[in-house]
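# Coordinate inspection notes
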Amino acid sequence: MVRAQQGSPALAPDGSRAWLRYAPPLREGIPAAYEAMPAAVVNLDGSPEAASAQNELVRGARAMLDRTLRTAEGNGFLLSRNTRPLKPCRLKPCELPDEDAWVLGTTAEVRRAFPAWSAPELQPEGFALAAGRAHGHTYWLIAGEDARGILYGTFHLLEGMAQGQSFAALEGSESPAAPIRWVNQWDNLNGTIERGYGGPSMFFEDGHVRSDLTRAGEYARLLASIGINGCTINNVNANPHLLDPEMIREAARIADVFRPWGVRLSLAVDIASPQSIGGMDTYDPGDPRVAAWWRAKADAIYAAIPDFAGFVVKADSEGQPGPSRYGRSPADAANMLAAALKPHGGIVMYRAFVYNHHLDWHDMKADRARAAYDIFHPLDGQFADNVVVQIKNGPIDFQVREPVSPLFAGLRKTNDAVELEITQEYLGQQRQLVYLPTQWSTYLNFDPHAENRSTPLKEIVEGKVFHRPLGGFVAVASAGMDTNWMGSDLALANLYGFGRLAWNPNTAPETIAAEWTRLTFGNDPTVVNTVSRMLLASWHIYENYTGPLGLQTLTNITGPHYGPAPQSQENNGWGQWIRATHEGVGMDRTVATGTGFIGQYPPQVAKMYESPASCPENLLLFMHHVPYTYRLHNGKTVIQTIYDDHYTGAMEAAGLVEEWKTLNGLIDPEPHAATLRMLEYQAGEAVEWRDAVTRWFAKMSGIPDALGRVGHYPNRIPAAAMQLDGYTPVEVTPWETATDGKAYVCGQTMCTAKTSFARAAGWYTVRVRYFDYLHGASTFRLLLNQQPIAVWTADNTLPGEAPNGDTSSRYTLVGVPLRPGDVLTIEGHPNDGEPAPIDFMAIEPEGATHTATTKP
Ligand code: GCV
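Along each chain, residues carry numbers from 1 onward, in the same order as the chain's sequence is written. Residues qualify for local features only when their pLDDT is at least 70, as the model is predicted, and side-chain atom pairs are given and counted only at 80 or more; totals for whole chains, interfaces and linings, by contrast, use all residues. Note that water and hydrogens are dropped before the side-chain values are worked out from all heavy atoms of the structure.

### Some remarks on the overall build of the chain
Our working definition: Numbering of helices and strands runs from the N terminus; a helix is a DSSP stretch of H or I covering at least four residues, while a strand is a stretch of E covering at least two. We take the radius of gyration over the C-alpha atoms and set the globule estimate at 2.2 Å times the residue count to the 0.38 power. Buried means the residue's accessible area, taken with a 1.4 Å probe over protein chains only, is under 20% of the maximum for its type, while exposed means over 50%, and partly exposed covers the values in between. Residues count as neighbours in contact if any of their non-hydrogen atoms are within 4.5 Å of one another. Reported accessibility uses the Shrake-Rupley method at a 1.4 Å probe radius. Residues are deemed covered only where the shown protein chains occlude them. Neither His nor the chain ends contribute to the count of charged residues, in which Lys and Arg are positive and Asp and Glu negative. Here the site of a charge means NZ on Lys, CZ on Arg, CG on Asp, or CD on Glu.
A tally of helices and strands in the chain yields 20 helices and 29 strands. In terms of overall size, the chain behaves like a compact globule, its C-alpha atoms giving a radius of gyration of 29 Å where 856 residues would be expected to give roughly 29 Å. With respect to the three principal axes, the spread of C-alpha positions in the chain is 90 × 70 × 55 Å. Counting only residues that meet the buried cut, the chain has 63% of its 856 residues in that class. Within the chain, contacts between residues separated by at least 24 positions form 73% of all contacts whose residues are at least 6 apart in sequence. Summed over all atoms, the accessible surface of the chain reaches about 29900 Å², with 52% contributed by carbon and sulfur. Averaging the coordinates of the 70 positive side-chain charges in the chain and doing the same for the 93 negative ones gives two points 3 Å apart.

Spelled out as C-alpha cells, the structure:
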C-alpha cells in the first residue's frame, strides 16, 4: 500500500483544514498502538451528530493510519461479518458483530450493548473512551452522554491520534465545564463582517443567505471539533430584516448545515424590530403588543429551526436602540424576549456592553469602565432563568490588557457568560501574531474574591460559584471565507484555543499551544517547541510595543482600531481615556480621589487596586494617574518604562521573524513563507508603534529617553532630507506616525527620492518606509546608482486611505553593498489614487538589526 507522506501535497496544510489536517502521526507506518485496532465501526445512535462522528472516524483513520474502517449501511444497523443485517440498535439491545469493533453511541446505548460496562458519571455533552472485551472480542467504545458527546469524544480521539497518542492513553472521560460554548459572528447581510479579517461572510451575500453553504458546514465541523455548540450568525449591530419571514427560511438552511455538527444557530436581534420591521408604533418591552410580536416571531423561528438556540442582544449601546428609550431596564427587555423563547427552550444572551459613548471628557468622575456594573448590578436577581448576561472580559473593550470586569463578581443571582474576542480587533487584526489563550487564561484565573472567598472568574461563568444553572463562554470569532478562515494561519490557534478553554478553562495555554502546533504543523519537536514559544511570548510582545502598564492598546479608537494613535483616546466621548498630561498619565479610578470604579470590586481586590503600591504594575495606569517620574518597584520611572517596553517589544517582534526562519524546511514551504511575510510586516509595524508612542510621550512629558533613542534615528534619511523629484509633503494625522508629521506623495506618474551614501563601504540593510492604502497598488523601485535592486507593490489590504500608522509599511532589502558616493533612489509609481507615499529610507550597517530571541 502506498501511503501519503507527511508533508505531501495531499496533506500539506492549506489552512482550510486548520487543526483537522489529519496528517499521519508518524512519517513511516502506523503507530504500534493502532496496529490492532478494530476494522469495523458500529454506530448505535441514530442522530445526525453520531453519523458525523462515524464519518469523521472513518475519515481520520484513513488519513492518519491508512486504514479504511468498515461501517454498516445506515445509522443504527449492524452488519455482522457475513453482512447479515441486524435490528436497529435504538429499538432493542444490539447484536454486536462477531468481530472486534469500534462502538459509537450514547452511554445509555452503549450500556445496553455492554451491560457489564460501568459508565462513568458524565455531564451533558460529555464523553467516555474505553476499551473492553466482550463476547471474545475487543471493543473500542466512544460513548457520549448524548449525541453531541459522541461527536466530541470522536474528535478527542482523532486529535489524540494525530498527536501520536494511543487509544489506551486516551481512555477516560471528560465533560464540558459549562453548557454555553458559543461563537458570535459579526456578519452583515451584505456579506461584510464587522471586525472580521478573514474575508467575506460564509453565511450572507447581497442581503441573503448564500446559496452555497459548504463553508458554513465546514465551519460547524471545525467548531464541533473543539466542543463549540452554538453559533450566532449575524452582527450584534443587528439588521432587523433577518427576522423577516423569508430570511428566517433562509437562516434555517444555515441551521441545517450546522445540525450534523451539534452546532445550534442563534440570531442577534434588534430590540426595535417590532417597530422597524413589524409596522408597530413602539418597541416598548412593557407593551403587551410588543411582547406578543416577539412571541409570534419566536414561534415562526422555531417552526423553521426547531433547535434554534436563542437571541443575542446588543441594546442601548453605541447607537443601538434599547429599552432605555421607554424608561425600561435591560432586565425588562431581556425578560420579554426570554418569555417568547421559553416555551421552545431558547435563551437570551443579553450583552452587558451597554455604555454612553457621549461621556463628558471634562468630567473627572466620568468613567466608561463603570457602566456595565452601574447598569446591571442593581438588576441582579431580576433576570428570567433563561437569560444569560454576556459580559465582556474587561470593562472597556477587548484591549491588550484590562482588569476583569467587576460585574462578574457583582451578579450573584443572574446567569452570566464571559465574552472574549478571537478576532484580533485591537490586537493587530490577524496581521500580527497575538496568541490569546495566554491572555484569556490570565482573565479566567483571576480571582475577584466575591463573598470573601476564592471565586475565580472561570468558576463564576461555569455557574459553580453562585450555583447558576446556565453560563459559559462566548467569543467573537468573525471567521470568514478566506481559505484559512481567519486571514492568518497562526490566528487559528486562537479559535482552537477558545474552544479548548471553553471546554476546560483549566487547560494551560502551554498545552493548547503545543497541541495546536502538533495538529497544524506536525509532531516534529523542534517545530512544536519553536511555534509554542513564539505563541506564548506573543501577547506580551504586542503589549510591550502597543500599550504597557495598563495603558490599553493605544490605537486609533475612532478609526479602524489598528495603528498607533495615542491622542485619539482623549478628548472625546468614547471614554477610552488615558488622561495623559504634561505631568503624568493614567485614569484615576480610585475610590479616594478618582472615578470610584475600583470600589465596584469586592473588598480584597478593591484594596489591592486602590493603592498604586499594591496595584499590579501591568494595570497601574488603568487604575491610577501618576506622574511620569513615579517609580515602579524596580526603581525605573513610568516614562522610562514606557520607552523601554516599546523598544523591547519591537526587538522581540523582530526576534519572532528569526525564530520562524529556523523552521524553514521543517514545515511546508507555502505556509512557512506566508507566515514569514506576516511576521516581517509585524516587525516593521512594531517599530512604527514604538516610534509613534514613544515620540508622543516624549513630547507630552518633555522628558527625554535616558538611553537617547526616542526621536534619534541615526540610520534614517527622512524624505525631506533627500533630493526629491515630484514628491511633495503632506501633513500626517496623527503627527507622530511620520517623521516631522509629514509624508511625501507623488502627484504625477512617477516621482523619485534620492540620497547619496557617505558612510564607510560595507554591506548594509536598506529599508524604505512607505504607506500602503487599502485601495490602489503603487509600485516602488529601489535603485543603487542606475541599477534597479528591488521592486515591490503596495498591495496589502491595510485599513486606511491616508498616510498614518494604519497604512505604515516597510520594505527591507538586506545585503546591499554600499560605497561612499553611491546613490540610492526610491522611485514611486502611483496607482489608482494611491500616491506612492513615502516617509524615510534607513540604511543600517549589517549586524545592527536586532536578532534577540523572545522570552518564553
Ligand atoms: C459590533 C466594539 C467594536 C464594535 C462592536 C462593539 C460591540 O466597540 O469596535 O465593532 O460592535 O465593540 O462589541 O458591540
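### A short note on the site of the ligand
We apply this condition: Nearness here has a simple test: a residue counts as near a molecule or strand if at least one of its heavy atoms is within 4 Å of that partner. Contacts described as polar in this section are N or O atom pairs within 3.5 Å, which, within protein, must combine one atom able to donate a hydrogen with one able to accept it, while residues neighboring in sequence count only if both atoms come from side chains. In this classification, Asp, Glu, Lys and Arg are treated as charged, Ala, Val, Leu, Ile, Met, Phe, Trp, Tyr, Cys and Pro as nonpolar, and every other residue, Gly included, as polar.
Around the ligand, the surrounding shell holds 14 residues, and the nearest of these are Glu194, Lys314, Arg351, Lys392 and Glu425. Lys314 places a polar side-chain atom, nitrogen or oxygen, 2.6 Å from an oxygen atom of the ligand. Take Arg351: an N or O atom from its side chain is 2.6 Å from an oxygen atom of the ligand. Bound to the protein, the ligand loses 97% of the 340 Å² it would expose on its own. By residue class, the composition of the shell around the ligand is three nonpolar, three polar and eight charged.

### Let's talk about the packing of helix α12 (residues 437–444) against helix α14 (residues 492–503)
Spelled out, the test is: An axis is simply a line fitted to the C-alpha atoms; with a helix, the fit covers only the stretch in contact. Between two such axes, the angle follows the N-to-C directions and lies from 0 to 180 degrees. Should an angle fall under 35 degrees it is called roughly parallel, over 145 degrees roughly antiparallel, and 65 to 115 degrees roughly perpendicular, with every other angle called oblique.
At a closest axis distance of 10 Å, the pairing of α12 and α14 adopts a crossing angle of 25°. Taken as axis vectors, α12 and α14 run roughly parallel relative to one another. The segment α12 lies against α14, with Pro437, Trp440, Ser441 and Leu444 engaging Ala493, Asn494, Gly497, Phe498 and Leu501. Split by residue class, the contact of α12 with α14 holds six nonpolar, three polar and no charged.

### Some words on the environment of Trp696
With respect to the helices, strands and loops of the structure, Trp696 is situated in helix α20 (residues 669–701). Residues Trp696 and Pro734 lie 38 residues apart in sequence; the distance between their C-alpha atoms is 9.6 Å. Trp696 has contacts with Pro566, Gln567, Ile578, Ala580, Trp735 and Glu736, leaving out every residue within four places of it along the chain.

### Details of the state of the cysteines
For clarity, the cut-off: Note that a disulfide, as used here, is simply two cysteine sulfur atoms within 2.5 Å.
Taken as a whole and judged by the stated rule, the model has one disulfide. There is a disulfide in this structure between Cys746 and Cys751, and the S-S distance comes to 2.0 Å. Between Cys746 and Cys751 the disulfide shows an S-S torsion of about 80°. By sign, it is right-handed. Residue classification places Cys746 among the buried residues on the basis of a relative accessible area of 4%.

### A look at the nonpolar core
Convention followed: Among buried residues, those of type Ala, Val, Leu, Ile, Met, Phe, Trp, Tyr and Cys that are joined through side-chain atoms within 4.5 Å constitute a nonpolar core.
If you look at the biggest cluster of nonpolar residues, it comprises 221 residues, and the most contacted ones within it are Trp19, Trp102, Tyr219, Leu495 and Phe697. Looking at this core, the element that brings in the most residues is α20, giving eleven residues. Aside from chain neighbours lying at most four places away, what touches Leu495 is Trp19, Val183, Tyr219, Leu223, Ile226, Ile422, Ala477 and Met486. Of all hydrophobic cores here, the second largest spans 28 residues; its members include Ile717, Leu784, Ala790 and Leu818.

### Here's the deal with the pairing of strand β26 (residues 787–793)
Both faces of the sheet carry side chains from a regular strand, because those side chains alternate between them. Test applied: Here, any two strands with at least 2 DSSP bridges between them count as paired.
Pairing of strand β25 (residues 779–784) with β26 involves six bridges; the strand directions are antiparallel. In the sheet register, Leu782 faces β26, and the bridge partner there is Ala790. Two successive antiparallel strands, β25 and β26, enclose a turn made up of two residues, where Asn785 displays a positive phi of approximately 55°.

### A look at the sheet that holds strand β5 (residues 137–144)
In spatial order, the strands read β2-β1-β3-β5-β4-β6; together these six strands make up an open sheet with mixed pairing. In the strand order of this sheet, the two ends are held by β2 (70–71) and β6 (172–174), each with one partner. Pairing analysis gives four bridges linking strand β1 (residues 40–43) to strand β3 (residues 101–106), with the strands arranged parallel. Looking at β3, one finds that Asn43 is bridged to Leu104.

### Overview of the pattern of salt bridges
Quick reminder of the rule: A side-chain nitrogen of Lys or Arg and a carboxyl oxygen of Asp or Glu constitute a salt bridge if their distance falls within 4 Å.
For the structure shown, the criterion picks out 39 salt bridges. With a closest N to O distance of 2.9 Å, Arg70 and Glu99 form a salt bridge. A residue pair is termed long-range when its members are at least 10 positions apart, and Arg70 in strand β2 and Glu99 in the loop between β2 and β3 qualify at 29 residues. For Arg70, a relative accessible area of 42% corresponds to the partly exposed category. Among the residues examined, Glu99 registers a relative accessible area of 9% and is labelled buried. When the shortest N-O distance is used, the salt bridge between Asp284 and Arg328 registers 2.8 Å. Taken together, the residues Asp284 in the loop between α7 (273–276) and α8 (288–304) and Arg328 in the loop between β12 (310–313) and α9 (330–341) connect sequence positions 44 residues apart. The exposure class assigned to Arg328 is partly exposed, which follows from its relative accessible area of 31%. In this structure, a network of salt bridges that share partners links the residues Lys636, Asp644, Asp705 and Arg709.

### A short note on the packing of aromatic side chains
What counts is decided by this rule: For Phe, Tyr and Trp, rings pair up if their centres lie within 6.5 Å, where Trp contributes its six-membered ring, and each pair is then called stacked (planes under 30 degrees apart), edge-to-face (over 60) or tilted (otherwise).
As enumerated under the stated definition, the model contains 35 aromatic pairs in all. Their ring planes at 65° and their centres at 5.8 Å tell us that Phe308 and Phe311 sit as a pair that is edge-to-face. A single burial state applies to Phe308 and to Phe311, both of which are buried. Cluster of aromatic residues (ring-pair linked, three or more members): Trp293, Trp294, Tyr302, Phe308 and Phe311.

### A few points about empty space enclosed by the protein
Note the following rule: Using a 1 Å grid laid over the protein atoms alone, points where a 1.4 Å probe fits but cannot get out form a cavity; open sets with protein on both sides within 12 Å along at least 5 of 7 lines form a pocket; any residue with an atom within 4 Å of a point counts as lining. Grid points are joined across faces, edges and corners, and a volume is the space filled by probe spheres set on the points.
Taken as a whole, this structure holds four cavities of 30 Å³ or more when the rule is applied. Approximately 120 Å³ is the volume found for the largest cavity. Along the wall of the largest cavity there are 14 residues; nearest its centre are Ala352, Phe353, Ala372, Gly394 and Pro395. Of all the secondary structure elements, the ones that give two or more residues to the lining of the largest cavity are α10 (371–376) and β14 (387–392).

### Observations concerning α9
In plain terms, the rule: A helix's residues, less one, multiplied by 1.5 Å, set its expected span.
Taking 1.5 Å as the rise per residue, α9 with twelve residues should run 16 Å; its terminal C-alpha atoms sit 17 Å apart, in good agreement. Most of α9 sits inside the fold, with nine of its twelve residues counted as buried. Residues of α9 that are buried: Pro330, Ala331, Ala333, Ala334, Met336, Leu337, Ala338, Ala340 and Leu341. With a side-chain oxygen positioned 3.1 Å from the backbone nitrogen of Ala331, the residue opening α9 is Ser329.

### Remarks on the sheet that holds β26
If you walk across this open sheet you meet the five strands as β20-β23-β28-β25-β26, and the pairing is antiparallel. Strands at the two margins of the open sheet, each flanked by one partner only, are β20 (723–725) and β26. Going across the sheet, the axis of each strand differs from the next one's by a mean of 15°, ignoring polarity.

### Considerations on unusual backbone geometry
The omega angle of the peptide bond from Thr733 to Pro734 is -5°, so this bond is cis rather than trans. Positive phi is not limited to glycine here, since Gln429 has a value of about 50°. Positionally, Gln429 belongs in the loop between β15 (415–421) and α12. Accessibility expressed as a relative area gives 2% for Gln429, which makes it buried. The phi angle at Gln552 is positive, at roughly 70°, despite the residue not being glycine. Assessed through its relative accessible area of 2%, Gln552 is described here as buried.

### Looking at the side chain of Thr282
You can see Thr282 is positioned in the loop between α7 and α8. The class of Thr282 is buried, set by a relative accessible area of 7%. From its side chain, Thr282 meets the backbone nitrogen of Asp284 in a polar contact 2.9 Å long. A polar atom in the side chain of Thr282 sits 3.4 Å from the side chain of Tyr326. The contact partners of Thr282, leaving out residues within four places of it in the chain, are Pro274, Gln275, Asp287, Arg289, Val290 and Tyr326.

By themselves, these observations are geometric and do not establish any function.
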